[in-house]
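Chains, contacts and geometry: an overview
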Amino acid sequence: VTFLVHTLKSSISVFSSDLANMDFLTYIILGLTALLVYFWMKLLNINRHWEKHGIPGPKPLPFFGNMLPILLGSKSAGEILKEIYQSYPNEKVVGYYHFIQPRLLIRDRAIMERILVKDYHSFSSRLGEADVENDPLNSNLFNMHSEVWRAFRSLMTPMFTPEKLKNMYPLMDSVGDDFIQLLKESKDPVDLLQNVNTFTIQVISSTALGIDAGPMDQKSNEFRERAINYAPTGVKTFLKFGAIFLAPKLAQKFGINFTSKETTNYFSDAFKTVVNHRKSGDVVRNDLVQQMITIQQNKSVEIGSTQVQITDDVVAGQALFLLFAGFVTSPLALTYMIYDLAANPEVQEKARDEVRRVTEAVDGKWKINNGKISYETLKDMRYLEGIIKESLRMSPTHPMIVRRCTRTYPIPEVSYTVSEGENIMVSALGIHHDSNYYSNPSQFSPERWTGDDRPPSSCYLAWGIGPKMCIGMRFASLEFKSVLAKLLLNFKISLHHSVKAQLKPAPFGIFTAPAHKILINFEKL
Ligand code: HEM
């Protein structure tokens, strides 16, 4: 403002003699020019942030920073970060610009481990700001931080114990059978993501909401359509994410959320109807709703010195995020896994051999056993586990991990102190393709997870690491293992000739998503 006033004043004094002759329009043009000059200087100044701190990094453009390729549709944010990670092999940290926001990319393993694990208290926030009291439906573990997050995390962790998952498994298993049936009745080639969406939506709605999303072969299904559009990929969502990331408090004031109000209300009403039905009736299912009801029996949760009431909306807010994860991230991950099986026929054969061997040894002939695979049997499928891990290494659904600093934090190795509110990034995609940690990183090799010489665990970031890592990891892994085993027993999977060997990720996505349709042949065995 000072600069603006100063610029205006100086313009006025320079042209003072002509002032009397100037009309209103001229003043407006002058003012706008001054404003433009001011913002231009400000942008140039922002772009000197890392230079001033002696942190190396790629040269930014005014306003676009290092993110122009996203707007040009040529690269996703995840790919840009990977490229920056790979361009500075000898640096511990790199400074770059996410449009007008300077961000620090952590390359060094020890610093990363400190930030994500040991000193996570200083980085307990991600993006967005949960307001549990005023906006409970949009408050969830992902956007909670500090004590609020800690309290809810410890309430929800018991929902995903191995015992609880074992109880949920029959629901997943039965959805898997329907999925196999759907594929058997479909004509090749199959649109992979579209079909996988049908499966993952059914799994999470059955296990989290306790409701049936409708027959899988139903062409028009409101529940499914809303779930697919829960967080659509595209420019609009990209801008929303950007707003929440750059100015979370402002975004909250203007009601900008990851999902639309209408969709949020649709799913929260569906969830509340099920909860009320359960509370009043004698239906008991081994699903997440039941566990949410148990959480609500606590009535309130202690956060610092205050008690937060666990209302229907507070519970629904948490449930909605579980749905979001199930609707959005799981189908993408499973799509890449099936693609990887199709693109690597030898891996597929080896996996099929394992699944046949293990199921026949434990459950008897799977065909005689109606194709049923028990929960215990899945545990012995180590190679299949390796495939899931490897697919998420090659194409992590979350290509980057983000933390917002919640307490000033010095990084002595690089003589830089992170201020409160600053965003710190870790490139999962970059680390997963770093030959210091993974030999032949561009090769799809599930064997790297089955031998003795495994990659360092802190360099595997598909689920995050530390106290804020994915709470649904075991749930999602079980879902993937169960359905992949069924697919391997029932089909030979191959790529349709139209599919490229290298999948291009969609540029506007926050998650790793294929830019184009993937067609797959499922040949019945
Ligand atoms: C392929 C599937 C999935 C992948 C790859 C995935 C990955 C991740 C990652 C990378 C994070 C952030 C970790 C960090 O910041 O350090 C995360 C957080 C989270 N995920 Fe998942 N996730 C998946 C599925 C699920 C599912 C199915 C659920 C729930 C049923 C779930 C629930 C959550 C929650 C609640 C958080 C926030 C945890 C917290 O801050 O306490 N995720 N997930």
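Residues numbered from 1 in each chain as written. Predicted model: local features only at pLDDT ≥ 70, side-chain atom pairs only at ≥ 80, totals over all residues. Heavy atoms only, no water.

1. Remarks on the overall build of the chain
Rules: Put simply, DSSP H or I for four residues or longer makes a helix, DSSP E for two residues or longer makes a strand, and each gets a number counted from the N terminus. Radius of gyration: over C-alpha atoms. The globule rule applied is 2.2 Å multiplied by the number of residues raised to the 0.38 power. When a residue's accessible area, from a 1.4 Å probe over protein chains only, is under 20% of the maximum for its type it is buried; when over 50% it is exposed; and in between it is partly exposed. Contact definition: two residues touch when any of their heavy atoms are within 4.5 Å. The charged-residue count follows a simple rule in which Lys and Arg add positive charge and Asp and Glu add negative charge, with His and chain termini not counted at all. Each charge is placed at NZ for Lys, CZ for Arg, CG for Asp and CD for Glu.
What the chain contains, in helices and strands, is 21 helices and eleven strands. For a compact globule of 525 residues, the expected C-alpha radius of gyration is about 24 Å, and the chain comes in at 26 Å, within 12% of that figure. A principal-axis box enclosing the C-alpha atoms of the chain has dimensions of 100 × 55 × 45 Å. Scored against the burial criterion, the 525 residues of the chain give a buried share of 52%. A fraction of 72% describes how many contacts in the chain between residues 6 or more apart in sequence connect residues 24 or more apart. In the chain, 58 side chains carry a positive charge and 52 a negative one; their mean positions are 2 Å apart.

2. Re the coordination of the iron atom of the ligand
In plain terms, the rule: Coordinating donors are taken to be N, O and S atoms lying within 2.8 Å of the metal, or within 3.2 Å when the metal is Na, K or Ca; because water is excluded from the atom set, some sites may appear incomplete.
In this structure the iron atom of the ligand is ligated by exactly one protein donor, C470 (SG), at 2.3 Å. If you trace the backbone, C470 turns up in the loop between α20 (428-432) and α21 (473-490).

3. Overview of the side chain of R352
Put simply, the rule reads: N or O atoms within 3.5 Å of each other form a polar contact, as long as, within protein, one can give a hydrogen and the other can take it, and as long as residues adjacent in sequence are counted only when both atoms are side-chain atoms.
On the secondary structure map, R352 appears in helix α17 (residues 345-363). Among the polar contacts listed, one links the side chain of R352 to the backbone oxygen of F491, at a separation of 2.7 Å. With sequence-adjacent residues up to four places away left out, R352 is seen in contact with L488, F491, K492, I493 and L525.

4. Some details on the sheet that holds strand β9 (residues 423-427)
How we decide: Strands pair, by our definition, only if DSSP identifies at least two bridges between them. To define axes, lines are fitted to C-alpha atoms, for helices over the stretch in contact only, and angles between the resulting N-to-C directions are given on a 0 to 180 degree scale.
The four strands are arranged β1-β2-β9-β6 in an open sheet whose pairing can be described as mixed. The open sheet has two edge strands, β1 (93-98) and β6 (400-404), and neither has a second partner. The mean inter-strand angle of the sheet, taken between neighbouring strand axes irrespective of direction, is 30 degrees. Here β1 pairs with strand β2 (residues 101-106) via six bridges, running antiparallel. Counted as the bridge partner of V94 is L105 from β2. Seen against the sheet, helix α6 (residues 77-87) touches β1, β2, β6 and β9 and runs at an angle of roughly 80 degrees to β9.

5. Describing a nonpolar patch on the surface
Test applied: Only residues above 30% relative accessible area that lack a salt bridge enter a patch, with like-charged residues linked at up to 9 Å and the nonpolar side chains Val, Leu, Ile, Met, Phe, Trp and Tyr linked at up to 5 Å. Here the accessible surface of atoms and residues is derived via Shrake-Rupley with a 1.4 Å probe, and residues count as covered only by protein chains that are part of the display. Salt bridge, as used here, is a side-chain nitrogen of Lys or Arg placed within 4 Å of a carboxyl oxygen of Asp or Glu.
A cluster of nonpolar residues, F24, Y27, I28, L32, L35 and F39, forms a patch on the protein surface that exposes about 590 Å² of accessible area. As for its placement among the helices and strands, F39 is situated in helix α3 (residues 24-46).

6. Comments concerning the site of the ligand
Our working rule: We call a residue near a given molecule or strand whenever any one of its heavy atoms falls within 4 Å of it. Charged residues are taken to be Asp, Glu, Lys and Arg, nonpolar residues to be Ala, Val, Leu, Ile, Met, Phe, Trp, Tyr, Cys and Pro, and polar residues to be all remaining types, Gly included.
Of all residues adjacent to the ligand, which total 27 residues, the nearest are R126, W149, R153, R403 and C470. At the level of elements, α8 (146-156), α16 (312-343), β6 and α21 are the ones that each hand at least two residues to the shell around the ligand. Among the elements that make up the shell around the ligand, the one with the highest residue count is α16 (six residues). Partitioning the shell around the ligand into residue classes produces 17 nonpolar, six polar and four charged.

7. Description of the packing of helix α10 (residues 192-209) against α16
Basically, it comes down to this: For classification purposes, angles smaller than 35 degrees are called roughly parallel, those larger than 145 roughly antiparallel, those between 65 and 115 roughly perpendicular, and all remaining angles oblique. Should the near helix be turned counterclockwise from the far one by less than a right angle, the crossing is left-handed, whereas a clockwise turn marks it as right-handed.
Contact geometry of α10 with α16 gives a least axis separation of 8 Å together with a crossing angle of 140 degrees. Judged by the inter-axis angle, α10 sits oblique to α16. Crossing angle aside, the handedness with which α10 passes α16 is right-handed. Along its contact with α10, which presents L192, L193, V196, N197, F199, T200, I201, I204, A208 and L209, the element α16 presents L322, L323, G326, F327, S330, P331, L332, L334, T335, I338 and Y339. Looking at side-chain class alone, the contact of α10 with α16 contains 16 nonpolar, five polar and no charged residues.

8. Describing helix α19 (residues 382-394)
Note the following rule: By this rule the span expected of a helix is its residue count minus one, scaled by 1.5 Å.
The first and last C-alpha atoms of α19 sit 18 Å apart over 13 residues, in line with the 18 Å expected at 1.5 Å per residue. Of all 13 residues in α19, ten are buried; the element is thus mostly enclosed. Restricting attention to buried positions, one finds in α19 the residues Y383, L384, G386, I387, I388, E390, S391, L392, R393 and M394.

9. Some words on the UniProt feature "transmembrane region" (unreviewed entry) in the chain
Defined as follows: UniProt positions are given in the numbering used here, feature names are shortened, and annotations may be inferred rather than shown by experiment.
Mapped onto the present numbering, the UniProt feature "transmembrane region" (unreviewed entry) falls at residues 24-41 and 319-339. Helix makes up 100% of residues 24-41 and strand 0%, with an end-to-end C-alpha separation of 26 Å. Span residues 319-339 is 100% helix and 0% strand, its end C-alpha atoms 30 Å apart.

10. Considering the side chain of H432
Along the chain, the position of H432 falls in helix α20. Sequence-distant contacts of H432, defined by excluding residues within four places in its chain, comprise L392, R393, P396, Y438, P441, C459, Y460, L461 and A462.

11. Things to note about the sheet that holds strand β11 (residues 519-524)
Read from one edge of the open sheet, three strands run β3-β11-β10, paired in antiparallel fashion. The open sheet terminates on both sides in strands that have one partner only, identified here as β3 (190-191) and β10 (491-495). As paired strands, β3 and β11 are joined by two bridges and run antiparallel to one another. Bridged to D191 within β11 is L519. Across the sheet, α21 lies against β10 and β11, angled at about 95 degrees from β10, the strand it touches most.

12. A short note on the pairing of β2
Where a strand is regular, its side chains alternate between the two sheet faces. Along β2, six of the six residues are buried, which leaves the element largely enclosed by surrounding structure. Here β2 shows no split at all, with Q101, R103 and L105 on one side and P102, L104 and I106 on the other all buried. Between β1 and β2, which follow one another and run antiparallel, lie two residues, and F99 among them has a positive phi close to 55 degrees. Where β2 lies against β9, three bridges are found, and the strand directions are parallel. Bridge pairing links I106 to V426 in β9.

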